[in-house]
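# Coordinate analysis (summary)
Letter by letter, the chains look like this.
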Amino acid sequence: EVFRARRVGDGRAVAIKRLFSDLQSRRFIKEARLLQRLRHEHLVEYIDFVDVEDVADSHNYFLVMELLPGMPGQTLRSRIKNSAAGLDLMECLELFPHYLECLQYLHEKKIIHRDIKPANLYAPLHHPGGAKVFDLGIARDISGTATSGYVPGTLEYMPPELAREGGERGSPRSDIYSTGLSFYEALTGRPAYKRLPNDEREAFQQFLQRASSPGEDVDYDLPIFTRYPRLADIVRKAIDSRPDTRYANAAGMRRDDDRGLVA
């Protein structure tokens, strides 16, 4: 759960994220440690981390971060949900370069986010310059020890290569894929692919089917793409099923996004 609070020392308004259970403490502590050493204008700001041990030797963890005005209603997900047919085009073309700038910074620091989606992107109304990336709970530090096994994340925005047996654990290009799906959704007001069912097993089966024939069901005949074909080209390249064919880095996608209206 997340609380709004005020720091006594200087009166600054902050957000305090409290962990309910020790069961997820490793992920929570990892997020705090990553944020503590990362600083970027478009990454949510770390302020403090508090570990309170109670009489039963269990721990209560509190991650203190900057307060993002308007949250939770100002996530990109909420903004899209409340729009008739996607966000204003010019707003999209201002927001996404900021997200990509942050991702480029993370990737240069050897950090892969692995859960980019509209719900983890801050999109303040009338202030696209305040765009932020948040929730590094399942980020991967590729400068550390390699891991294997199931990759956590959100199936709706997961690239197909992460579902393949023996596949990679996440790379800059996997973050680009998820950003491309988020960009499509922001531009159109609808997901690029049909929503997966709520049942986890059925959802994973459908995701595997989708991963085996990616791109076939994405509609590029919508008005935004017929009017601005260059935008369709950007999305196609970002969500290509072949990682090597996607943008090599977030900076490359950002450059194309900056000139996205050029035919």
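Overview of the structure. (Residues numbered from 1 in each chain as written. Predicted model: local features only at pLDDT ≥ 70, side-chain atom pairs only at ≥ 80, totals over all residues. Heavy atoms only, no water.)

## Some details on helix α8 (residues 250-258)
Buried within α8 are the following residues: A250, G252, M253, D256 and D257. Viewed end-on, α8 has its buried residues packed into an arc of 160 degrees, placing them on one side of the element. Considering only its buried residues, α8 is in contact with α3 (89-108), α4 (172-188) and α7 (229-238). Capping the start of α8, N249 holds a side-chain oxygen 3.3 Å from the backbone nitrogen of A251, two or three residues further along. (Buried < 20%, exposed > 50% of the residue type's maximum accessible area, 1.4 Å probe, protein only. Helix = DSSP H or I, 4+ residues; strand = E, 2+ residues; numbered from the N terminus. Arc of directions from axis to C-beta. Contact = heavy atoms within 4.5 Å. Polar contact = N/O pair within 3.5 Å; in protein donor to acceptor, adjacent residues only side chain to side chain.)

## Regarding empty space enclosed by the protein
The final tally for this structure, using the stated rule, is two cavities of 30 Å³ or more. Each pocket or cavity is described by its volume, and for the largest cavity that value is around 80 Å³. If you trace the largest cavity, you find 14 residues lining it, with R114, D115, M158, P159 and S178 closest to the centre. For the lining of the largest cavity, the per-class residue count stands at six nonpolar, five polar and three charged. Lining the second largest cavity we find E156, Y157, L181, E185, P191, A192, Y193, R195 and R210. (1 Å grid on protein atoms, 1.4 Å probe; cavity = no way out; pocket = protein on both sides within 12 Å on 5 of 7 lines; lining within 4 Å. Points joined across faces, edges and corners; volume = space filled by probe spheres on them. Nonpolar A, V, L, I, M, F, W, Y, C, P; charged D, E, K, R; others polar.)

## Quick word on the nonpolar core
Counting residues in each nonpolar core, the largest one holds 62 residues, and the members touching the most others are L76, Y99, L106, F183, F225 and L231. Here this core takes eleven residues from α3, the largest share from any one element. Core analysis: the second largest hydrophobic core is formed by six residues, L162, L196, A203 and F207 among them. (Core = buried A, V, L, I, M, F, W, Y, C linked by side-chain atoms within 4.5 Å.)

## Focus on the environment of T188
Mapped onto the elements of the fold, T188 is located in helix α4. On a C-alpha basis, the gap between T188 and L222 in space is 7.8 Å, while along the polypeptide they are 34 residues apart. Not counting chain neighbours up to four residues away, the residues in contact with T188 comprise A85, G86, L222, I224 and F225. From its side chain, T188 meets the backbone oxygen of Y184 in a polar contact 2.9 Å long. At a separation of 2.9 Å, a polar atom in the side chain of T188 contacts the main-chain carbonyl oxygen of R190.

## Description of α3
The terminal C-alpha atoms of α3, which comprises 20 residues, lie 29 Å apart, in line with the 28 Å expected from a rise of 1.5 Å per residue. Of all the 20 residues making up α3, 16 are buried; the element is thus mostly covered by neighbouring parts of the structure. In this structure D88 caps α3, since a side-chain oxygen of it lies 3.1 Å from the backbone nitrogen of M90. K110 occupies a position one or two residues after α3 and carries a positive phi of about 70 degrees. (Expected span 1.5 Å × (residues − 1).)

## Comments concerning the sheet that holds strand β4 (residues 59-66)
Strand order in this open sheet of four strands is β1-β2-β4-β3, and the pairing throughout is antiparallel. Pairing within the sheet leaves two strands with one partner each, and these edge strands are β1 (2-6) and β3 (46-53). Taken pair by pair, the neighbouring strands of this sheet meet at an average axis angle of 25 degrees, ignoring direction. As judged from the seven bridges shared by β3 and β4, these two strands associate in the antiparallel manner. Bridge pairing in β4 places V50 opposite F62. On top of the sheet, helix α1 (residues 25-37) reaches β2 (13-18), β3 and β4; it is set at about 35 degrees to β4, its chief contact. (Pairing = 2+ DSSP bridges. Axes fitted to C-alpha atoms, helices over the stretch in contact; angles between N-to-C directions.)

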